[in-house]
There are 2 protein chains.
Amino acid sequence: MERKRSDRIADALEGLIFDGTFADGDRLDEVQLATRFSVSRTPIREALHRLSQSGLVVQIPRRGVFVRQPGPVELIEMFEVMAELEAVSARLAAARISETALADLHATNERCKHAVEAQDTDGYYQENEQFHAIIYRQSGNSFLEQECLRLQRRLQPFRRVQLRVRGRMNQSMAEHEDVVAAIEAADGARAAEAIRRHVSVQGEKFHHLMANLKPAAE
Amino acid sequence: MERKRSDRIADALEGLIFDGTFADGDRLDEVQLATRFSVSRTPIREALHRLSQSGLVVQIPRRGVFVRQPGPVELIEMFEVMAELEAVSARLAAARISETALADLHATNERCKHAVEAQDTDGYYQENEQFHAIIYRQSGNSFLEQECLRLQRRLQPFRRVQLRVRGRMNQSMAEHEDVVAAIEAADGARAAEAIRRHVSVQGEKFHHLMANLKPAAE
DNA sequence: TCAAGGTGTTTTGTATACAAGAATGACAAT
DNA sequence: ATTGTCATTCTTGTATACAAAACACCTTGA
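Owing to the predicted nature of the structure, the values given are computational and were not obtained by experimental measurement. (Residues numbered from 1 in each chain as written. Chains lettered and ligands numbered in written order. Predicted model: local features only at pLDDT ≥ 70, side-chain atom pairs only at ≥ 80, totals over all residues. Heavy atoms only, no water.)

A. Spatial organisation of the overall build of chain A. Helix and strand counts for chain A come out as nine helices and three strands. For chain A, the N- to C-terminal ordering of α and β elements is α-β-α-α-β-β-α-α-α-α-α-α. Dimensions of chain A along its principal axes, counting C-alpha atoms only, are 55 × 45 × 30 Å. Of the contacts formed within chain A by residues at least 6 apart in sequence, a portion of 73% connects residues at least 24 apart. Split by element, the accessible area of chain A, about 10900 Å² in all, is 50% carbon and sulfur. Here chain A carries 30 positive and 33 negative side-chain charges, and the mean point of each set is 6 Å from the other. (Helix = DSSP H or I, 4+ residues; strand = E, 2+ residues; numbered from the N terminus. Contact = heavy atoms within 4.5 Å. Areas by Shrake-Rupley, 256 points an atom, 1.4 Å probe, with all protein chains shown as cover. Lys, Arg positive; Asp, Glu negative; His and termini not counted. Charge placed at Lys NZ, Arg CZ, Asp CG, Glu CD.)

Here it is as structure tokens:
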């Protein structure tokens, strides 16, 4: 399945926004981007349109599109929703998970553990993502799965920063154990509660982190 | 705030899909639509792009865009997610709702009741939407509010059909009472459970309804 | 007869040209 | 000096023109 140029450009722009090349409030000039990517304005406009739908930029008619990074308040709100969606997933998964998927969950969690022991932040990040993805899928509700993946993707850059906080990986790991145990026991309520804490703690810690990083960023 | 033509076209197309002018699986021809709306292909393409992001159509690269109505399974999944999102809203709202908003909720519910007594389906539909919107807002989480409104909008045409089922309005009304009582009592868990039932019953009843309507549609 | 390949047509994707609205700056009037 | 208006210029929105990929049909060979 071949993707079109405008899709690749959208991805590239996403990256440029995430890595700070385009800061919050910046206007994204169509002709500038067109020359930068060596294409015409048309695919640029399609890419920007896609980004606006996913919420990364806001499009003001006849004025242009502007980068719109979520502020602290909105971020906390998003983490809250993420926590709830994951809680639902976990609750459903506890009731519906298959044996093979459960084994998979264990295996992935083991890989997480090894990454922690090796202090491999990137590795842990990947395995952690996989861990959550398994739970989404085992909710047995593919629409829910899609929604979870969408939001996870949106919060990705903020989660990533998180893991560098000292001790966060170990704590995260411990929370995983709770989740797995609850799911294995088919205790939906406990699984939901465990993962809710696991995710929402990230939101809470985040504005802590922001406060510490803000001076460095200026 | 003036909207651009492509936005109006997107809305129009949405309507045409909802009212059945374009059925599931139909290909939406760009030039055909362009002549129909008396515009060039460009705004048509932008409109189709928007619809594809919102999930109403699916875009296959180099092949065209096709109407993609959710099947029974996906619909039930979507209602399940809707129920959970509303449950979260209700739980949070029970803790966070303001006095004036609570009064508003009561007033709206009263208007619902009058609509039921008058057998005014359309009126009930509108007030019911308002009722739910108040709860979303009073969750105190505007991101959650947006997500709820988005999904509500997506399920709108299916909900609408529902109300025509005999006795559904009365049952719906009774469920509202439960929700209001629980929120007023600041009992988050009960409010969540009440609204979860209120919404998910729609999903369950829906494929019943589908089975009955299918022959008539053919 | 059927399959395989090629050609022509149709349709999407991209580039460019044109139109219209908004920002900027200068100038005039108070 | 400040404010309001007008014109220039820049940017977005739309139309059209072009390129390339997919589809359909036809021909040709076994």
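B. Region of interest: the protein's contact with DNA strand C. In the vicinity of DNA strand C, 18 residues are found, and the nearest of them are Ser40, Thr42 and Arg63 of chain A together with Arg27 and Arg41 of chain B. Between DNA strand C and Thr42 of chain A, the relevant distance is 2.9 Å, taken from a base nitrogen to a side-chain nitrogen or oxygen of the residue. Note that a phosphate oxygen of DNA strand C is positioned 3.1 Å from one of the backbone N or O atoms of Arg62 of chain B. Counting residues per element, the ones that place at least two in the surface near DNA strand C are helix H3 (41-54) of chain A together with helix H3 (41-53) of chain B. A total of three residues in the surface near DNA strand C trace back to one element, the largest contributor, which is H3 of chain A. Per-class residue counts for the surface near DNA strand C are three nonpolar, three polar and twelve charged. (Near = heavy atom within 4 Å. Polar contact = N/O pair within 3.5 Å; in protein donor to acceptor, adjacent residues only side chain to side chain. Nonpolar A, V, L, I, M, F, W, Y, C, P; charged D, E, K, R; others polar.)

C. Representation of the protein's contact with DNA strand D. Close to DNA strand D lie 19 residues, the nearest being Arg27 and Arg41 of chain A together with Ser40, Thr42 and Arg63 of chain B. Contact between DNA strand D and Arg45 of chain A: a phosphate oxygen at 3.0 Å from a side-chain N or O atom of the residue. One of the side-chain nitrogen or oxygen atoms of Thr42 of chain B is found 2.9 Å away from a base nitrogen of DNA strand D. At the level of elements, H3 of chain A together with helix H1 (5-18) and H3 of chain B are the ones that each hand at least two residues to the surface near DNA strand D.

D. Up close: the domain arrangement of chain A. Domain assignment breaks chain A into domain 1 (5-67) and domain 2 (72-217). Of note, the centres of domain 1 of chain A and domain 2 of chain A, computed from C-alpha atoms alone, are 30 Å apart. (Domains from an automatic or database assignment.)

E. Focus on the side chain of Asp7 of chain B. Residue and element names in this part refer to chain B. Along the polypeptide, Asp7 turns up in helix H1. Accessibility expressed as a relative area gives 15% for Asp7, which makes it buried. There is a polar contact of 3.1 Å between the side chain of Asp7 and the side chain of Arg50. (Buried < 20%, exposed > 50% of the residue type's maximum accessible area, 1.4 Å probe, protein only.)

F. Structural view of the pattern of salt bridges. Residues and elements named next belong to chain B. A complete count under the given rule lists 45 salt bridges over all chains for this structure. For Glu86, the salt bridge goes to Arg159, with nearest N and O atoms at 3.5 Å. Here Glu86 is found in helix H4 (residues 72-96), whereas its partner Arg159 is found in helix H7 (residues 142-162), with 73 residues between them in sequence. As far as the burial class goes, Glu86 and Arg159 line up, both buried. (Salt bridge = Lys/Arg side-chain N within 4 Å of Asp/Glu carboxyl O.)

G. Structural view of the relation of the copies chain B and chain A. Overlay of chain B on chain A (RMSD 0.1 Å): rotation 180 degrees, translation along the axis 0.1 Å. With respect to symmetry, the two chain copies, as superposed, fit the operation of a two-fold axis. Measuring from the rotation axis to each C-alpha of chain B, the shortest distance belongs to Gln53 of chain B, at 3.4 Å. (Least-squares fit on C-alpha atoms with pLDDT ≥ 70 in both.)

H. Inspection of the state of the cysteines at higher detail. Under the definition given, this model contains zero disulfides over all chains. Take Cys112 of chain B: it sits in no disulfide, and the sulfur closest to it among the cysteines is that of Cys148 of chain B, at 17 Å. (Disulfide = S-S within 2.5 Å.)

I. Geometry of the pairing of strand E2 (residues 57-60) of chain B. All names here are of chain B. Of the pairings in the sheet, the one linking E2 to strand E3 (residues 64-67) comprises four bridges and is antiparallel in character. Looking at E3, one finds that Gln59 is bridged to Val65. Counted along the chain from E2 to the antiparallel partner E3, the turn is three residues long, and its residue Arg62 has a positive phi close to 65 degrees. (Pairing = 2+ DSSP bridges.)

J. Local environment of the sheet that holds strand E1 (residues 27-28) of chain A. All names here are of chain A. Overall, antiparallel pairing links the three strands, which are arranged E1-E3-E2 in an open sheet. Here the strands that pair on one side only, and so sit at the sheet edges, are E1 and strand E2 (57-60). Note: E1 against strand E3 (residues 64-67), two bridges, orientation antiparallel. Counterpart to Leu28 in the pairing with E3 is Val65. Here H3 sits on the sheet in contact with E1, E2 and E3, set at roughly 110 degrees to E2. (Axes fitted to C-alpha atoms, helices over the stretch in contact; angles between N-to-C directions.)

K. The arrangement of the nonpolar core in detail. Judged by nonpolar contacts, the single largest core of 74 residues is most densely connected at Ile135 and Ile183 of chain A together with Ile135 of chain B. In contact with Ile135 of chain B, not counting residues within four places along its chain, are Ser89, Ala90, Ala93, Leu105, Val179, Ile183 and Ile195 of chain B. (Core = buried A, V, L, I, M, F, W, Y, C linked by side-chain atoms within 4.5 Å.)

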